[in-house]
Amino acid sequence: MRYRFAKLSDLKSIVNLHYSVREDYNVGVFASLDKNFLKGYYKMLLTDVNSIIVCAEDNSKILGFCSASLDVNDQHENFKKKKLNIALYAFTSVLKKPSLIKKLLLRYKSIKDDNINFISKSGARLEYWVWSKKNEDFVSSLYMHETLLNILQALGIMEVNFEVDHINKKVLKFHKRNGGIEIEKITISDNRERILMKYDFNNRVTKFNFN
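Here's a quick rundown of the structure. None of the values given here were measured: they were computed from a predicted structure.

**Some details on the packing of helix α1 (residues 11-20) against helix α2 (residues 35-46)**
Angle between the axes and distance between the axes are the two parameters that describe a pair of packed helices.
Okay, so step 1: Interhelical geometry of α1 versus α2 gives an angle of 125 degrees and a closest axis separation of 9 Å. In terms of orientation, α1 lies oblique with respect to α2. Seen from above, α1 lies across α2 with right-handed handedness. Contacts between α1 and α2 involve Leu11, Ile14, Val15, Asn16, His18 and Tyr19 from the first element and Lys35, Leu38, Lys39, Tyr42, Lys43 and Leu46 from the second.
Okay, so step 2: Split by residue class, the contact of α1 with α2 holds seven nonpolar, two polar and three charged.

This is the structure we're talking about:
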């Protein structure tokens, strides 16, 4: 297994992997958006110097990826500048499901309004962590995630924020065992309970052995 930075040529594999997530987890606005949106979204991230995507590759096949933003504020400023592009990426999804408009507008509004919480809004942030259901390999998936954390730490980042929905009990348990610290519980617009968490690299204690 090889872990490396994702390239633009990995776009199709990343989109297909992310799209497959809805087979197990079909809540949230991203689970309602089609591949056209995901293609535009990840193309934007892969060309953004503020974003990092690490992928796991075996025999030239991408089996998983995980992503992070080095600075949420800078990322949101980039999203604001490209809001028309994002709207175009979402167009075909909205045609299929017009009720998405309200959810997308609320999500965009949350970028500008500190009183609307979906995600952590400052500093570095972990985003998506996806692994192929056809090639289940828990250990390699953990190593991929740890590789991303090591890169962030090597870049001088001492804290990284992230969120876990309470219903993702296995993921929540993993992060706590891996040294994640619970900061706050919030309830988002669709009544999901979400846990805001962080990794503090200065004081991190993990129950996993990555040596």
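Now that the structure has been shown, we can carry on.
**As for the pattern of salt bridges**
Okay, so step 1: Using the criterion set out here, one finds 13 salt bridges in the structure.
Okay, so step 2: The partner of arginine 4 in a salt bridge is aspartate 10, and the shortest N-O contact between them spans 2.8 Å. Across the pair, aspartate 10 and arginine 4 agree in class, each one buried.
Okay, so step 3: In this structure, arginine 194 engages aspartate 165 in a salt bridge whose closest nitrogen and oxygen atoms are separated by 2.7 Å. Linking arginine 194 in strand β7 (residues 193-200) with aspartate 165 in strand β5 (residues 159-165), this pair joins segments that are 29 residues apart in sequence.

**Notes on the environment of valine 29**
Okay, so step 1: Note that valine 29 resides in the loop between α1 and α2.
Okay, so step 2: Valine 29 sits in the buried class, given a relative accessible area of 11%.
Okay, so step 3: When the C-alpha positions of valine 29 and threonine 92 are compared, they lie 14 Å apart, and in sequence the two are 63 residues distant.
Okay, so step 4: Apart from the residues lying within four places of it in its own chain, the contact partners of valine 29 are Leu100, Lys103, Leu104 and Arg107.

**A few points about the pairing of strand β2 (residues 51-58)**
For a regular strand, side-chain orientation follows a simple rule: the groups alternate between the two sheet faces.
Okay, so step 1: In terms of burial, β2 is largely enclosed, as seven of its eight residues are buried.
Okay, so step 2: Relative to β2, strand β1 (residues 2-5) is paired through four bridges, and the arrangement is antiparallel. Among the inter-strand pairings, arginine 2 is bridged to a residue of β2, identified as glutamate 57.
Okay, so step 3: Pairing of β2 with strand β3 (residues 61-69) involves eight bridges; the strand directions are antiparallel. Its bridge partner being in β3, isoleucine 52 is matched across the sheet by alanine 68.
Okay, so step 4: The hairpin turn running from β2 into β3, its antiparallel successor, is two residues long, and asparagine 59 in that turn takes a positive phi close to 55 degrees.

**Thoughts on the nonpolar core**
Okay, so step 1: In terms of nonpolar packing, the biggest core is built from 26 residues, with Val54, Leu126, Leu148, Leu152, Val160 and Tyr199 touching the most fellow members.
Okay, so step 2: The biggest single contributor to this core is helix α7 (residues 138-154), with six residues.
Okay, so step 3: Residues contacting leucine 152, with those up to four places away along its chain left out, are Ile52, Ala68, Leu70, Leu126, Ile157, Val160 and Phe201.
Okay, so step 4: Counting 24 residues, the second largest nonpolar core, distinct from the first, contains Ala6, Phe37, Leu46 and Ala90.

**Focus: the layout of surface pockets**
Okay, so step 1: By volume, the second largest pocket amounts to about 260 Å³.
Okay, so step 2: Looking at the second largest pocket, the residues that line it are Ser13, Asn16, Leu17, Ser20, Glu23, Lys61, Ile62, Ser132, Lys133, Lys134 and Asn135.
Okay, so step 3: Secondary-structure elements contributing two or more residues to the lining of the second largest pocket are α1 and β3.
Okay, so step 4: Looking at the lining of the second largest pocket element by element, the count peaks at four residues for α1.
Okay, so step 5: Of the residues assigned to the lining of the second largest pocket, the class counts are two nonpolar, five polar and four charged.

Here is what the cut-offs are and how they apply
- Residues numbered from 1 in each chain as written.
- Predicted model: local features only at pLDDT ≥ 70, side-chain atom pairs only at ≥ 80, totals over all residues.
- Heavy atoms only, no water.
- Axes fitted to C-alpha atoms, helices over the stretch in contact; angles between N-to-C directions.
- Helix = DSSP H or I, 4+ residues; strand = E, 2+ residues; numbered from the N terminus.
- Parallel < 35°, antiparallel > 145°, perpendicular 65-115°, else oblique.
- Left-handed = near helix turned anticlockwise from the far one by under 90°.
- Contact = heavy atoms within 4.5 Å.
- Nonpolar A, V, L, I, M, F, W, Y, C, P; charged D, E, K, R; others polar.
- Salt bridge = Lys/Arg side-chain N within 4 Å of Asp/Glu carboxyl O.
- Buried < 20%, exposed > 50% of the residue type's maximum accessible area, 1.4 Å probe, protein only.
- Pairing = 2+ DSSP bridges.
- Core = buried A, V, L, I, M, F, W, Y, C linked by side-chain atoms within 4.5 Å.
- 1 Å grid on protein atoms, 1.4 Å probe; cavity = no way out; pocket = protein on both sides within 12 Å on 5 of 7 lines; lining within 4 Å.
- Points joined across faces, edges and corners; volume = space filled by probe spheres on them.

The values are spatial; any link to function lies outside them.
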